[in-house]
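What the coordinates show
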Amino acid sequence: MSKPLSPVTQPHGSQPALFGYTEAAAIQALYNGKANEEQQKICLRWILESACALPVWPYKESQRETDIALGRHFVGHQIMGAVKVSLSKLQRKEEK
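In short, a report on the structure. It should be emphasised that the depicted structure is a prediction, and the values quoted were computed from it without experimental measurement.

We now examine the overall build of the protein. Across its full length, the protein holds four helices and zero strands. Here the protein, with 96 residues, has 21% of them falling under the buried criterion. Sequence separation of at least 24 residues holds for 46% of the intrachain contacts in the protein that already meet a minimum separation of 6. For the protein, the computed accessible surface area is about 7,900 Å², with 58% contributed by carbon and sulfur atoms.

Right, here's the structure in full:
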């Protein structure tokens, strides 16, 4: 039996993504170059899932809202591109 879908809190328009103490502390630690492994994971998860809203369908009722959501997605996809790129292929390309 499949699990029913649950709604995701999503940012709209100019509303910033929500964060709590854990996320803010992790982001501040990362900014200051002192984030531990868990804090780094918390930061990237918050950036991709909340600020960039990658798990959320970007198309909204208004064109403006859609444009903003697609902008957020674009940033998230740029980050994921850097996460998944083959470093050895990239290095060879840059050496040429």
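Here helix α3 (residues 63–84) spans 31 Å end to end across 22 residues, near enough to the 32 Å set by a 1.5 Å rise per residue. Residues of α3 that are buried make contact with α2 (37–51).

Right, let's get into the pattern of salt bridges. A complete count under the given rule lists two salt bridges for this structure. Of the charged contacts, one joins E37 and K41 as a salt bridge, the two residues approaching to 3.4 Å between their closest N and O atoms. In this pair, E37 and K41 are both assigned in helix α2, four residues apart and thus about one turn of the helix distant. For K41, a relative accessible area of 43% puts it in the partly exposed group. The closest approach of N and O atoms between E65 and R64, which form a salt bridge, is 3.5 Å.

Now for the packing of α2 against α3. Contact pair α2 / α3: the axes reach a minimum separation of 9 Å and the direction vectors enclose 145 degrees. α2 and α3 meet at a crossing whose hand is left-handed. Note on element contacts: α3 touches α2 through R72, G76, I79 and M80, opposite L44, I47, L48 and A51.

What counts and how
Residues numbered from 1 in each chain as written. Predicted model: local features only at pLDDT ≥ 70, side-chain atom pairs only at ≥ 80, totals over all residues. Heavy atoms only, no water. Helix = DSSP H or I, 4+ residues; strand = E, 2+ residues; numbered from the N terminus. Buried < 20%, exposed > 50% of the residue type's maximum accessible area, 1.4 Å probe, protein only. Contact = heavy atoms within 4.5 Å. Areas by Shrake-Rupley, 256 points an atom, 1.4 Å probe, with all protein chains shown as cover. Expected span 1.5 Å × (residues − 1). Salt bridge = Lys/Arg side-chain N within 4 Å of Asp/Glu carboxyl O. Axes fitted to C-alpha atoms, helices over the stretch in contact; angles between N-to-C directions. Left-handed = near helix turned anticlockwise from the far one by under 90°.

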